[in-house]
Amino acid sequence: MQRIDLIITDCRAATMVPGETPYGAIDDALIAVHEGRIVWIGPRAEVPEFNPFAVTRLDGRWVTPGLIDCHTHLVFGGDRIGEFEARLGGATYEEIALAGGGIRASVAATREADEPELIRRARRRLENFVAEGVTTIEIKSGYGLDLETELKMLRVARYLDGDARVVTSFLGLHAVPKDQDRDAYVDMIIDEALPAARAQGLVDIVDAYLESIAFSPAEVSRLFDKARSLGLPVRLHADQLSDGGGAALAASHGALSADHLEFTSQVGVEAMARAGTVAVLLPGAFTALAETQKPPVAALRAAGVPMAVASDCNPGTSPLLSLRAAMMLACAQFRLTPQEALAGVTRNAAMALGLGSETGTLAAGKLADMACWDIERPAELSYWLGGRLLSRSWRAGRPVVA
Ligand code: DI6
Ligand code: FE
């Protein structure tokens, strides 16, 4: 009889494996876990004989894959509450940015803060996500905008790996720092900062901000070519405030994802479909900026582009400390179905991070990243705005929330 570490049973599983049942659901499921991975999952009636070290019964609760927040700017110094008030007074995000606020304000505060301070504040934010079942989170740099501070942010992000797995993105091309020559800055990021971050093992993915107030297609393409030469995957903040052809550019570089997409055209959607680029929807930023232009969800759906949903947690455009809130907003604002929203924070979010073979569904061979919920149906995860629904969670078979 096969010895295994753990059996989880007396539960209903939303495996999120595409297939016959909605949510890939299994009634009366059993999950066998060994050395951090799922080794068997199916109806309890069909289970082979196991000799488990431990058995956990979940009293009929639902189990889903651990949630994945695939787009955050979780590490930053200071706050931007004043800008929130200024926007309510009529100023726009672009106006604030052009006046030296916005990203640059966070850059000044992030340069100022030492590592322990950044860790302490980011960890408190992270605890909110872990408490709602997040087992993988992506964290970007991009508030340093100099070699030293970009590396500092990435070290902090790496350090936060623990209760949740941390995936890092290098976002050196986020804004041109104050009083700096644009071309010299882009050169520094491409020729110095990215190779240094890579050499120190601090970067998993390369990201950039393509926007009229940020970087151009030519600048982003140079960065992405460099990323490829270093063996790193890419992704892009695309078409958030205007149609800059970002989706198509990302697709042409084989990007893992293109994110935001409010202004993406049909041409962009089709390019993403062909390239297998995931669409990451960020309804927190859309809501906080009171935008009206919505991402082309119907076109993405029709073209078969996988859609992910993320918090975009950041001090400027998306002060959102809840991935479940992002799910609800994705349904309410962008008309995703609750099943699409859950796929967006599990299977498709894993794909957006290049982790599709490791996590994001409950299936034999995958990491045992799991969340157990006090809910009647999986749709309930997208129904409530806020509230505590998590009963327990596991990262790679290890209990996190217990
Ligand atoms: N798009 C966003 O929504 C965030 N970054 C980006 O490129 C905003 C970042 C900020 O305003 O601090
Ligand atoms: Fe972002």
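Residues numbered from 1 in each chain as written. Chains lettered and ligands numbered in written order. Predicted model: local features only at pLDDT ≥ 70, side-chain atom pairs only at ≥ 80, totals over all residues. Heavy atoms only, no water.

**Student:** I'm lost on the site of ligand 1 in this one. Help?
**Tutor:** With respect to spatial proximity, 14 residues lie near ligand 1, and among them Arg80, Tyr93, Tyr143, His174 and Thr317 are the closest. Between Arg80 and ligand 1, the recorded distance is 2.8 Å, taken from a side-chain N or O atom to an oxygen atom. Between an oxygen atom of ligand 1 and a side-chain N or O atom of Thr317, the distance comes to 2.7 Å. Within the complex, the protein chains bury 100% of what would otherwise be the 310 Å² of accessible surface of ligand 1. Each residue belonging to the shell around ligand 1 can be placed in one class, and the counts come to four nonpolar, eight polar and two charged. (Near = heavy atom within 4 Å. Polar contact = N/O pair within 3.5 Å; in protein donor to acceptor, adjacent residues only side chain to side chain. Areas by Shrake-Rupley, 256 points an atom, 1.4 Å probe, with all protein chains shown as cover. Nonpolar A, V, L, I, M, F, W, Y, C, P; charged D, E, K, R; others polar.)

**Student:** So what exactly am I meant to see when it comes to the sheet that holds strand β5 (residues 67–69) here?
**Tutor:** Backbone-to-backbone hydrogen bonds pair the strands of a sheet. The strands run either parallel or antiparallel. Strand order in the open sheet made by the four strands is β5-β6-β7-β8, with parallel pairing throughout. The open sheet has two edge strands, β5 and β8 (205–208), and neither has a second partner. For this sheet, the mean inter-axis angle between neighbouring strands, taken without regard to orientation, is 20°. Here three bridges tie β5 to strand β6 (residues 134–140), and the two strands are oriented parallel to one another. Residue pairing in the sheet places Ile68 in a bridge with Thr136 of β6. (Pairing = 2+ DSSP bridges. Helix = DSSP H or I, 4+ residues; strand = E, 2+ residues; numbered from the N terminus. Axes fitted to C-alpha atoms, helices over the stretch in contact; angles between N-to-C directions.)

**Student:** Looking at this structure, I do not really get the pattern of salt bridges. What am I missing?
**Tutor:** Oppositely charged side chains are able to pair whenever their charged atoms sit close together. The full count for this structure, using the stated rule, is 18 salt bridges. We note a salt bridge from Arg61 to Asp374, for which the minimum N-O separation is 2.4 Å. One end of the pair, Arg61, is in strand β4 (residues 50–65); the other, Asp374, is in the loop between β13 (370–373) and α15 (380–383), and 313 residues separate them in sequence. On the accessibility criterion, Arg61 (25% relative accessible area) is partly exposed. In this structure, the salt-bridge partner of Arg165 is Asp369, at a minimum N-O distance of 2.8 Å. With Arg165 in strand β7 (residues 165–173) and Asp369 in the loop between α14 (347–352) and β13, the pair connects residues that are 204 residues apart, well separated along the chain. Exposure class is identical for Arg165 and Asp369. Each is buried. Here the salt bridges do not stand alone but share partners, grouping Glu138, Lys140, Asp207, Arg235 and Asp259 into one network. (Salt bridge = Lys/Arg side-chain N within 4 Å of Asp/Glu carboxyl O. Buried < 20%, exposed > 50% of the residue type's maximum accessible area, 1.4 Å probe, protein only.)

**Student:** How do you make sense of the packing of aromatic side chains when you look at a structure like this?
**Tutor:** Think of a pair of aromatic rings as described by two things: how far the centres are apart, and how the planes are tilted against each other in angle. Inspection of every chain in the model, using the stated rule, returns four aromatic pairs. Judged by centre distance (6.3 Å) and plane angle (75°), the rings of Phe76 and Tyr143 are edge-to-face. A residue pair is termed long-range when its members are at least 10 positions apart, and Phe76 in the loop between β5 and α1 (81–88) and Tyr143 in the loop between β6 and α5 (147–159) qualify at 67 residues. The exposure class of Phe76 is buried, given its relative accessible area of 7%. One cation-aromatic arrangement involves Arg125 over Phe76; the distance from NZ or CZ to the ring centre is 3.6 Å. (Phe/Tyr/Trp six-rings, centres within 6.5 Å; stacked < 30°, edge-to-face > 60°. Lys NZ or Arg CZ within 6 Å of the ring centre and 35° of its normal.)

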